[in-house]
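In case you want the letters, here they are:
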Amino acid sequence: MNLQAAAKATYLYGLPLTEIATLRGRMLDNGILAGRFFPQKGLATPADRFVTTPNNDTIYANAFVDLRQGPATLTIPALGDRYASLYLMDMFSNSIAVLGTRTTGQQGGTFTLVGPTDAAASGVVRSPTPWVWAMARVLVNGPDDVPAALQVLHRFDCTGTPAKPVAAPGADRKGAWQAWMSALNGLLLENPAPPTDQRILQDVSPLGLGSAAFDSNSFSAGDASEIAAGIEDARKAVLQAGFGGSKVGQWLFPAPNMGTFGQDYITRARIAVAGLAALPTAEAMYITAYSPDGSPAFKGDGLWRLHFTKNALPPVDAFWSLTMYELEPNGALFLAQNNINRYSIGDRTPGISRDSDGGLTIWISRSDPSNDQSTNWLPAPAKGPFVIIMRTYMPRADLVMQRYIPPAVEKT
């Protein structure tokens, strides 16, 4: 493998590491101790740009857990009848486990989390990397439910980790490749790759990564030019397909290996940019609507509608929603400001009304469509392209197997 190809493969392989480490650095730099959950104060708004494609259905709490000095204890509170989950990811963004409603039940519980080399009894949750990103999600049933949901969120707990660990830094994926590659090298030393990544590490070995002596500034001018070209190739490849997966009807279904990527490094890299920390498909499915012109980006003014016939709503065991995002020039997706502060609409939206025949119609436009359509209105950004994503939590088999396909979003 020449240096250009090796650099491209390295970028695709290592991007999740540097993206997650960047988030970790922000939290630690702000005085948030490792192993302590940092909860949201409420539902996400357009001002929240910590992670692309934010969720407006649940509130979050994040923790970075350091297992280098020994196990950690995770506590999930009793959930009542509320959906919640605790998603555990390694530093490569692979799923370790999802604890909560679907897997461990509503009663909560205490769980032991151990690192890759710790001796431990059966029944523990083992991470393949010494650092773990833990993300708690708690469902909010409308704006008035936020205080009660926060009470649940604040009872998620983690103990047993060092107070002030030293952590390898992340890097700007769009910055100088030398800084990015130096950061990746440090992260690989901190979080050794699993044996199943041995082949790709051998393929990119001409770059010399994985050594304490690695120096990204030691390459000749010619070699550096090849590496820069490979990095640029990878950056273009990452932005091509968003969540990956396949088009079914007028929707882009997510990659079926979401969170369990194996050696599918390009999908993993794309998710790191388009939806870092997206849950595995058994827990949730994120389905992107296609506009009438065949693109996931809706453009222009006018009125769109999404119409579900009677008894044909998304088949889920938890909840579903439709979230509106403004599309940034760099491909990131964030909530769009609007004058009614509605960023998503779904099965828990207060005041949403059924059609006379029992169906459900959602109206999408930049301005209030007025009349009877206002109650079911999902506001689009005042200007610029936008993307519509359907979230389905605890999807049933018909949805997972793509036997259920949502109706198209149509221009009226």
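If you're wondering where the values come from, they're calculated on a predicted model, not measured in any experiment.

Participant: Please explain the packing of aromatic side chains as it appears in this structure.
Facilitator: Each aromatic ring pair is summarised here by two numbers: the centre-to-centre distance and the angle between the ring planes. Evaluated as defined, the whole model comprises 14 aromatic pairs. Ring pairs connect the aromatic residues Y13, F92 and Y265, which therefore count as one cluster. Directly above the aromatic system of W131 lies the positively charged group of R24, at a separation of 4.5 Å from the ring centroid. Above the plane of the ring of W304 lies K411, whose end atom (NZ or CZ) is 4.8 Å from the centre.

Participant: Looking at this structure, I do not really get the nonpolar core. What am I missing?
Facilitator: Side chains that are nonpolar tend, in soluble globular proteins, to be buried together. W133, W180, M181, I227, I231, L279 and Y286 are the most contacted members of the largest nonpolar core, which has 70 residues in total. Ranked by residue count, the leading element in this core is helix α1 (residues 3-29), at 13 residues. Excluding anything up to four places from it in sequence, W133 contacts I20, L23, N62, A63, F64, Y87, L88, M89, L276 and A277. Ranked by size, the runner-up nonpolar core spans 31 residues in total, among them F37, I59, L86 and A97.

Participant: What exactly am I supposed to notice about the packing of α1 against helix α5 (residues 221-238) here?
Facilitator: Here α1 crosses α5 at 45 degrees, and the two axes come no closer than 7 Å. Judged by the inter-axis angle, α1 sits oblique to α5. Two packed elements cross with a definite hand, and for α1 against α5 that hand is right-handed. Taking contact as the criterion, the partners of L3, Q4, A7, K8, Y11, L12 and L15 in α1 are, on α5, D223, E226, I227, A229, G230, I231, D233, A234, R235, A237 and V238. Here the contact of α1 with α5 is built from residues that sort into 11 nonpolar, two polar and five charged.

Participant: I tried to follow the environment of A234 on my own but got confused; where do I start?
Facilitator: By secondary structure assignment, the location of A234 is in helix α5. When sequence neighbours within four positions are dropped, the list of residues in contact with A234 reads K8, Y11 and L12.

Participant: Explain α5 here, please?
Facilitator: Along an α-helix, residues three or four positions apart point the same way, because every turn accommodates 3.6 residues. For α5, spanning 18 residues, the distance from its first C-alpha to its last is 26 Å, which sits close to the expected 26 Å at 1.5 Å a residue. Looking only at α5, the buried set comprises A224, I227, G230, I231, A234, R235, A237 and V238. For α5, the angular spread of buried residues about the axis comes to 160 degrees, placing them on one side. Opposite the packed face of α5, turned more than 90 degrees from it, sit the exposed residues A221 and K236. In the core, the buried residues of α5 are packed alongside α1, α3 (177-190) and α6 (265-274).

Participant: What should I look at first to understand α3 in this one?
Facilitator: Look at α3: 20 Å from first C-alpha to last across 14 residues, which is about the 20 Å you get at 1.5 Å a residue. Listed in full, the buried residues belonging to α3 are W177, W180, M181, A183, L184, N185, L187, L188 and E190. The inward-facing, buried residues of α3 contact α1, β8 (131-139) and α5.

Participant: Any chance you could explain the environment of T58 here in plain terms?
Facilitator: As for its position among the elements, T58 is in strand β2 (residues 58-66). For T58 and L88, which are 30 residues apart along the polypeptide, the C-alpha to C-alpha distance reads 17 Å.

Participant: What is the right way to read the environment of A382 from this model?
Facilitator: Following the sequence through the fold, A382 ends up in the loop between β18 (377-379) and β19 (386-395). Remark: the alpha-carbon pair of A382 and G300, spanning 82 residues in sequence, is separated by 10.0 Å.

Participant: Whenever I open this one, the sheet that holds strand β20 (residues 410-411) confuses me. Can you help?
Facilitator: Two pairing modes exist for strands in a sheet, parallel and antiparallel, and in both the strands are linked by backbone hydrogen bonds. Spatially, the four strands line up as an open sheet ordered β18-β17-β13-β20, and their pairing is mixed. Edge positions in the sheet fall to β18 and β20, since each has one partner strand and no second. As paired strands, strand β17 (residues 360-365) and β18 are joined by three bridges and run parallel to one another. Bridge pairing in β18 links W363 to W377.

Participant: I would appreciate a short explanation of the pattern of salt bridges in the present structure.
Facilitator: One pass over the full model with this rule turns up 14 salt bridges. In this structure, the salt-bridge partner of E328 is R49, at a minimum N-O distance of 3.5 Å. In this pair, E328 sits in the loop between β14 (316-327) and β15 (333-335) while R49 sits in the loop between β1 (38-39) and β2, placing the two residues 279 residues apart along the sequence. Accessibility expressed as a relative area gives 37% for R49, which makes it partly exposed. When the shortest N-O distance is used, the salt bridge between R366 and D301 registers 2.9 Å. Placement of R366 in the loop between β17 and β18 and of D301 in the loop between β12 (284-289) and β13 (303-308) is noted, with a sequence separation of 65 residues between them. Overall, R366 belongs to the buried group, its relative accessible area being 17%. Classification of D301 by relative accessible area gives exposed; the value is 58%. Taken together, the salt bridges that share partners define one network made up of R49, E326 and E328.

Participant: Help me understand the sheet that holds strand β9 (residues 157-159) in this model?
Facilitator: In spatial order, the strands read β7-β6-β3-β9; together these four strands make up an open sheet with mixed pairing. On the outer flanks of this sheet lie β7 (125-126) and β9, each paired with one strand and no other. Two strands pair when backbone bridges link them, and strand β3 (residues 72-76) and strand β6 (residues 109-114) are joined in this way by five bridges, in the antiparallel orientation. For L74, the partnering residue across the bridge sits in β6 and is F111.

Conventions adopted
- Residues numbered from 1 in each chain as written.
- Predicted model: local features only at pLDDT ≥ 70, side-chain atom pairs only at ≥ 80, totals over all residues.
- Heavy atoms only, no water.
- Phe/Tyr/Trp six-rings, centres within 6.5 Å; stacked < 30°, edge-to-face > 60°.
- Lys NZ or Arg CZ within 6 Å of the ring centre and 35° of its normal.
- Core = buried A, V, L, I, M, F, W, Y, C linked by side-chain atoms within 4.5 Å.
- Buried < 20%, exposed > 50% of the residue type's maximum accessible area, 1.4 Å probe, protein only.
- Helix = DSSP H or I, 4+ residues; strand = E, 2+ residues; numbered from the N terminus.
- Contact = heavy atoms within 4.5 Å.
- Axes fitted to C-alpha atoms, helices over the stretch in contact; angles between N-to-C directions.
- Parallel < 35°, antiparallel > 145°, perpendicular 65-115°, else oblique.
- Left-handed = near helix turned anticlockwise from the far one by under 90°.
- Nonpolar A, V, L, I, M, F, W, Y, C, P; charged D, E, K, R; others polar.
- Expected span 1.5 Å × (residues − 1).
- Arc of directions from axis to C-beta.
- Pairing = 2+ DSSP bridges.
- Salt bridge = Lys/Arg side-chain N within 4 Å of Asp/Glu carboxyl O.

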